[in-house]
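In case you want the letters, here they are:
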Amino acid sequence: MKKLSFLMMLALMLVLAACGGADEAEPEAEGGADAGETEDAGEAEAGGFTDITIMTGGEQGTYFPLGAALANNIINANIENVDAASFSSGASVVNINGIVDGDADLALVQNDIAYYASQGIQMFEDDGALEGFQGIATLYPEVIQIVTAADSGIETVEDLVGKRIAVGDLGSGAEANARQILEIHGITYDDISEEYMSFGDAAGSIQDGNIDAAFITAGLPTGAVEALKATKDINLVSISSEKIAELAAEYPYYTEHTVSADTYGTDGDTTTAAVLAMLVVSTDMDEDLVYEITKAMFENTEQFSNAHQQGTNITLDTAQDGMPIDVHPGAQRYFDEQ
């Protein structure tokens, strides 16, 4: 009898130990790093989920809502086994470097900045020509807006001399535009007090009286400018057609653009310069996946239009206009089929 009781107790202890072990292992199986890595690896081997990161721009610019639409409403909604996510960044120059460094798979950039990077000139001169990125498509005009308060007394580019001017994030495409536009007017940073800041911060600083004007390069209408206009009367400074022609002669990706008075409710139309926004991709991305992304983009362009007014300018007809770099083979295959 004692032997039987001992055996029963031993069996009970073994059962309890087994149950305890299962309870301890369960959290790791549900969400532990090791379990997740094993599951992801299994899915990858079976042709499972592919993570895609998309670099955009400041949250009050145009890249941000369009990049979010590309990730959520176009890629995730139309391509199986892909998980795309977009995030805010310092825009063009930062985005090019992000693709080259492997920090992102897709990015929105200005076409002039993509060209400079591919040639190793302008802000990329110290690094030399960069590799590792190709084009998918050009998207819409990126308009250089020189924004001031209506009572600032600034009416011309020359009036910026001696003033506190936001020139965009350090090393950004907007900053390059600011420097080049000032340059053709005979103005350097020595002649102004330059401030490096995002579009949203620049608009807030104009509102608070901490700066006098801001260079903002983005699609129209730009959220930061609209937010400023909601609280303060603004003025957009025109650039003469002669100066824009001079600018384009030296930097061929600039074009002349008119900002209608209706855009922000200003007193009149504004003549200014523009470049083109474009989508770049890592050269390492699979050709079939780039094909599927390109196809999804141009078969669902209404998603861009729903995200931002500039989305209406994203069309298959203009997708290769002003393309300054080689097109990824996956995107090129889609265009060749049309």
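Conventions and cut-offs
- Residues numbered from 1 in each chain as written.
- Predicted model: local features only at pLDDT ≥ 70, side-chain atom pairs only at ≥ 80, totals over all residues.
- Heavy atoms only, no water.
- Helix = DSSP H or I, 4+ residues; strand = E, 2+ residues; numbered from the N terminus.
- Expected span 1.5 Å × (residues − 1).
- Buried < 20%, exposed > 50% of the residue type's maximum accessible area, 1.4 Å probe, protein only.
- pLDDT = per-residue confidence, 0-100.
- Contact = heavy atoms within 4.5 Å.
- Axes fitted to C-alpha atoms, helices over the stretch in contact; angles between N-to-C directions.
- Parallel < 35°, antiparallel > 145°, perpendicular 65-115°, else oblique.
- Left-handed = near helix turned anticlockwise from the far one by under 90°.
- Nonpolar A, V, L, I, M, F, W, Y, C, P; charged D, E, K, R; others polar.
- Core = buried A, V, L, I, M, F, W, Y, C linked by side-chain atoms within 4.5 Å.
- 1 Å grid on protein atoms, 1.4 Å probe; cavity = no way out; pocket = protein on both sides within 12 Å on 5 of 7 lines; lining within 4 Å.
- Points joined across faces, edges and corners; volume = space filled by probe spheres on them.

Some points on helix α6 (residues 173-184)
No. 1: In this model, α6 (12 residues) spans 17 Å end to end at C-alpha, consistent with the 16 Å of a helix rising 1.5 Å per residue.
No. 2: Most of α6 is tucked away, with 10 of its 12 residues classed as buried.
No. 3: Three or more residues of α6 are buried, namely Gly173, Ala174, Glu175, Ala176, Asn177, Ala178, Gln180, Ile181, Leu182 and Ile184.
No. 4: Immediately beyond the C-terminal end of α6, within one or two residues, lies Gly186, with a positive phi of roughly 75 degrees.

Observations regarding the confidence of the model for the chain
No. 1: For the chain, per-residue confidence averages 87 on the pLDDT scale, and residues scoring 70 or more make up 86% of the total.
No. 2: Every residue in residues 1-46 scores below 50 in pLDDT, and together they form 6 contacts with partners more than four places removed in sequence or on other chains.

Quick notes on the packing of helix α4 (residues 92-100) against helix α5 (residues 111-119)
No. 1: Direction vectors running N to C along α4 and α5 enclose 45 degrees, while the axes themselves pass 9 Å from each other. Relative to α5, α4 is oriented oblique. For the pair α4 and α5, the crossing hand works out as right-handed. Along the contact surface, α4 presents Ser92, Val93 and Ile96, while α5 presents Ile113, Ala114 and Ala117.
No. 2: Class assignment of the residues belonging to the contact of α4 with α5 gives a composition of 5 nonpolar, 1 polar and no charged.

Details of the nonpolar core
No. 1: Counting residues in hydrophobic clusters, the biggest one holds 79 residues, and the most contacted among them are Leu106 and Met297.
No. 2: Within the second largest apolar cluster, 23 residues are counted, among which are Ala149, Ala166, Ile206 and Leu228.

Examining the layout of surface pockets
No. 1: Looking at the largest pocket, its volume works out to about 230 Å³.
No. 2: In terms of lining, the largest pocket is formed by 21 residues, of which the most central are Gly57, Gly58, Gly90, Ala91 and Phe199.
No. 3: For the lining of the largest pocket, the secondary structure elements donating two or more residues are α6 and β7 (213-218).
No. 4: Among the residues forming the lining of the largest pocket, the class breakdown is 6 nonpolar, 13 polar and 2 charged.

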